[in-house]
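# Report on the structure
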Amino acid sequence: MTRGHVAHGEEERITFLEDAAVVVRDGLVDAVVPAAEAAGVPAVERLDARGQVAMPGLVNCHTHAPMVALRGLAEDLPTEEWFNDVVWPVESNLTEKDVELGARLACAEMIRGGVTCFADHYFAMDAVAAVVAECGIRAHLGQAYFSSQGEQGRQQSLEFALHHRGGAHGRITTALAPHAPYTVTDADLAATADLARAHGLPVHLHASENRDQADTSLARHGVTPIEVLERTGVLDADVLIAHGTGILERDLSVLARARGRTAVASAPRGYLKFAWPTTTPIRALREIGVPVGLATDGAASNNSLDVWESMALTSLIQKSTEGDPRWLTSRQALHHATLQSARAVGLGDRIGSIAPGRRADIVLVDLTGPHTQPVHDLAATLVHSARSSDVRTTIVDGRILMRDRELLTLDVPAVVRELGERMPALLDRSHGRRIQEYDT
Ligand SMILES: [Zn+2]
């Protein structure tokens, strides 16, 4: 049970209740009532959240959690060199243990930053699923593959998705995870679409990540990456598209007529860092009813898994690119970070707001600091003044994973020590191998 301000989200109306309490039972929100009314309710545990806001946990809609191991390794490079010279050579050394330790560190970072669910797209995902089960966070997981792996890559992605679907007491949902239209052939994308339909699985992939990819696809194939997804049948499934900063005008009608549920994940920090010329066209996507969830991408490009920062940056970049200070208000930013993100990962009816019947994925944010006082507009305070480090308590499925900034399910110093010991082997590029070639 918590007491303080409570934020709800429905459509783009974010509602705040003052001096309210959230009653949680069996991992679900049971009721939201005036604090005085909750005083008499028998409870196993009471959290006093005076001076704090209870809000739905943030969702990181696209990341590669274990890549925290490569944080800061490939700096100030164009996308192509970042992939070909550093990231893909290093990833050819990856072991399951590296992935496990990276996932532990990533989950610790996310729980500390108020993230209660993340959509992950990586290799050796059995190890990530095990970490999710152990540390208590919620996750939407997909085993990534390239066509260069042959049919085996796709098969392993399917086996992973079927085996782990509904795992960790329902906290794990899964997707098929082809890497991108520039690394997976049309035939393999079509086969993926067939599997998605046959097994009722969603698809999570990168597409039209930047304008360069859209232009190259048009020059080589006469179609955009989004049109590739349509003609291969991928848009008949439920699809989560990472980035989409290269989505063109002509793609909007394609996305509008997609038969599956389509969503886009936006991770604005990386776009700035790679100096991509455009960002996710959130306003145009809103007009055609495509939800946009917020994300960080992997820490090897973004340097952090801070969705709070993605929320503030999304608001600022949208104002700047649209030339409109009225567009993407703080309330809209909160809506993207919570309900739209929940929809993007296929959990729109289970998480994303604090309401009876929803899973109790809740964060408590401390607003007593000098940088968050006074509060004239609570939404603005949360988006533009508060920081991820103001999250004091993180709860998933009613279980407290961080209490007063202390992580209860993960041992960060132990993970950092063990990961450090593995670095020389992981970072060795003397073999000259790459897991894949970047050539859009
Ligand atoms: Zn990515």
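Residues numbered from 1 in each chain as written. Predicted model: local features only at pLDDT ≥ 70, side-chain atom pairs only at ≥ 80, totals over all residues. Heavy atoms only, no water.

### As for the domain arrangement of the chain
You can read the domains of the chain as domain 1 (2-55 + 360-407) and domain 2 (58-344). Taking only C-alpha atoms, the centre of domain 1 and the centre of domain 2 are 28 Å apart. On the side of domain 2, 31 residues touch domain 1, which itself brings 29 residues to the contact. Both sides together, the interface formed by domain 1 and domain 2 hides about 2600 Å², and carbon and sulfur atoms give 60% of it. Arg138 is the partner of Asp397 in a salt bridge, and the nearest nitrogen-oxygen pair spans 2.8 Å. In terms of residue count, the dominant contributor to the side of domain 1 that touches domain 2 is helix H15 (residues 378-385) (five residues). The residue makeup of the side of domain 1 that touches domain 2, split by class, is 17 nonpolar, four polar and eight charged. (Domains from an automatic or database assignment. Contact = heavy atoms within 4.5 Å. Buried area = accessible area lost by both parts, 1.4 Å probe. Salt bridge = Lys/Arg side-chain N within 4 Å of Asp/Glu carboxyl O. Helix = DSSP H or I, 4+ residues; strand = E, 2+ residues; numbered from the N terminus. Nonpolar A, V, L, I, M, F, W, Y, C, P; charged D, E, K, R; others polar.)

### Concerning the pairing of strand E4 (residues 52-56)
Residues in a regular strand project their side chains so that they alternate between the two faces of the sheet. Counting buried positions along E4 yields five of five residues, so the element is predominantly enclosed. Sheet topology note: the E4/strand E13 (residues 362-366) ladder contains five bridges and is antiparallel. Paired with Ala54 across the strands is Leu364, a residue of E13. (Buried < 20%, exposed > 50% of the residue type's maximum accessible area, 1.4 Å probe, protein only. Pairing = 2+ DSSP bridges.)

### So, the coordination of the zinc ion
The zinc ion binds to the protein through His62 (NE2), His64 (NE2), His206 (NE2) and Asp297 (OD), with metal-donor distances spanning 2.1 to 2.4 Å. Coordination at the zinc ion is irregular, judged from the four donor atoms that bind it and the angles of 82 to 174° they form at the metal. Look at where the donors of the zinc ion fall in the sequence and you get H-x1-H-x141-H-x90-D. Remark: His206 occurs in strand E9 (residues 203-207) and His64 occurs in the loop between strand E5 (58-63) and helix H2 (79-91); sequence separation between them is 142 residues. (Donors = N, O, S within 2.8 Å, 3.2 Å for Na, K, Ca; no water. Tetrahedral: all angles 85-135°; square planar, octahedral: opposite > 155°, others 65-115°.)

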